[in-house]
Amino acid sequence: MIRVDRGGEPGELPELRRTELDRFRVVFAAKGFDRKELGDRYTEVKRLLWQRQLFKCCYCEKICEDVGNDLEHYRPASSYWWLAWTWENLLFACPNCNRWAKNDAFPLADDTTRLRPEEAPPQGEQPHLVDPATENPLDSIQFVLDSTSGRWMPRPRGASVKGAETIRVLELDRQALLEIFQRYVEDYVMDDVKHLRALMDAGDEHAVRKDWNHMIRRALQRTRHHVALTYDVFDHFFPEAERQRWGVVLPRP
Ligand SMILES: [Zn+2]
């Protein structure tokens, strides 16, 4: 997961929010939350988020199409229905992360601080779920090479409780995703790592710098799949002390 920039809200959203909230308040008063009543007027909003997120799921960084994938409510509509049309609460996500993993979960540091209806966030809420639009997910989640399985696994960075909860709620360590991560590293990252290591072993300082800059810029392009994973793979094989020795930089996505 990397930070996403959703930019300003689309011009039609304030009017949509007004009319949909007016309608939904009546529905909610009559029968409580009903997902079917959220309506299907999100198409254009979802399409814009999809484009601004460079066609990637905001959580697992898979590139996918807009149709068939989800408009995600960071604070779930089931318990925060009044934020269901609020731009700052909307993201584009794949159904594996959104529907099948996260669903209605929204863990907090303290459950007694949960917003009451119509309250604007955050009040006293401290979400234990990374919001990629307002914070850098790399602060909370780190990919590490598991020595037993030989696999790249998302883990909380340091002792980040938020990172641990985010991985748990989104099931970022689900089996299929781990296989995709593994394949990606082997097919798209390791050739660069091996090439750079060979140049370092040969002591060719000029070539190291030249190829490092070129390869890192390409590898960490935000349009690529799994940029956070790629960053941590390079950080693992070329730790900070070694980068300093060669005078090269690994920019944080
Ligand atoms: Zn996803």
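Residues numbered from 1 in each chain as written. Predicted model: local features only at pLDDT ≥ 70, side-chain atom pairs only at ≥ 80, totals over all residues. Heavy atoms only, no water.

Chemist: Got a minute to help me understand the overall build of the protein in this structure?
Modeler: Each helix and strand counted, the protein has 8 helices and 4 strands in total. Taken over the C-alpha atoms alone, the protein extends approximately 75 × 35 × 30 Å along its principal axes. Each of the 253 residues in the protein was classed as buried or not, and the buried ones make up 50%. Just so you have it, the protein exposes about 12,500 Å², and 51% of that area is on carbon and sulfur atoms. Here the protein contributes 38 positively and 42 negatively charged side chains, and the mean placements of these two sets differ by 1 Å. (Helix = DSSP H or I, 4+ residues; strand = E, 2+ residues; numbered from the N terminus. Buried < 20%, exposed > 50% of the residue type's maximum accessible area, 1.4 Å probe, protein only. Areas by Shrake-Rupley, 256 points an atom, 1.4 Å probe, with all protein chains shown as cover. Lys, Arg positive; Asp, Glu negative; His and termini not counted. Charge placed at Lys NZ, Arg CZ, Asp CG, Glu CD.)

Chemist: What's the story with the coordination of the zinc ion in this structure? I'm lost.
Modeler: Ideal coordination angles are 109.5 degrees for a metal with four donors arranged tetrahedrally and 90 or 180 degrees for a metal with six donors arranged octahedrally. Only Cys57 (SG), Cys60 (SG), Cys94 (SG) and Cys97 (SG) from the protein coordinate the zinc ion, and they sit 2.3 to 2.4 Å from it. Between the 4 donor atoms coordinating the zinc ion, the angles at the centre fall across 104 to 113°, so the site counts as tetrahedral. (Donors = N, O, S within 2.8 Å, 3.2 Å for Na, K, Ca; no water. Tetrahedral: all angles 85-135°; square planar, octahedral: opposite > 155°, others 65-115°.)

Chemist: Mind showing me how you'd approach the state of the cysteines here?
Modeler: As used here, a disulfide is simply a covalent bond connecting the sulfur atoms of two cysteines. Counted according to the given criterion, the structure contains 0 disulfides. No disulfide involves Cys58; its sulfur sits 5.0 Å from the nearest other cysteine sulfur, which is in Cys57. (Disulfide = S-S within 2.5 Å.)

Chemist: Which parts of the structure should I look at to understand the nonpolar core?
Modeler: Across soluble globular proteins, nonpolar side chains show a tendency to be buried alongside one another. Counting 77 residues, the largest nonpolar core has Tyr59, Trp85, Leu172, Trp212, Val233 and Phe234 as the members making the most contacts within it. Top element by residues in this core is helix α5 (residues 175-201). It accounts for 11 residues. A domain split of this core shows at least three residues from each of domain 1 (1-145 + 153-173) and domain 2 (175-253). Excluding residues that lie within four positions of it along the chain, Leu172 makes contacts with Met1, Tyr59, Cys60, Ile141, Pro154, Thr166, Ile167, Leu177, Leu178 and Phe181. (Core = buried A, V, L, I, M, F, W, Y, C linked by side-chain atoms within 4.5 Å. Domains from an automatic or database assignment. Contact = heavy atoms within 4.5 Å.)

Chemist: What exactly am I supposed to notice about the pattern of salt bridges here?
Modeler: If the charged atoms of two oppositely charged side chains come close together, the side chains can form a pair. Going through the model one piece at a time under the given rule, you end up with 29 salt bridges. With its nearest N and O atoms 2.7 Å apart, the salt bridge here joins Arg25 to Glu118. Pair noted here: Arg25 is in helix α1 (residues 13-31) and Glu118 is in the loop between α3 (95-102) and β3 (141-145), with a separation of 93 residues, a long-range link. By relative accessible area, which is 40% here, Glu118 ends up partly exposed. Arg218 serves as the salt-bridge partner of Asp192, at 3.2 Å between the closest nitrogen and oxygen. On the criterion of sequence distance, the pair formed by Asp192 in helix α5 and Arg218 in helix α6 (residues 205-219) is long-range, its members being 26 residues apart. What emerges from the salt-bridge pattern is a single network uniting Glu20, Arg23, Lys31, Asp34, Lys36 and Glu37. (Salt bridge = Lys/Arg side-chain N within 4 Å of Asp/Glu carboxyl O.)

Chemist: I keep staring at the environment of Arg151 and nothing clicks. Help me out?
Modeler: For Arg151, the location among the structural elements is in the loop between β3 and β4 (152-156). For the pair formed by Arg151 and Gln182, sequence separation is 31 residues and the distance between their alpha carbons is 6.4 Å. Apart from the residues within four sequence positions on either side, Arg151 is in contact with Val144, Leu145, Asp146, Gln175, Leu178, Glu179 and Gln182.

Shape descriptors only; they carry no functional weight alone.
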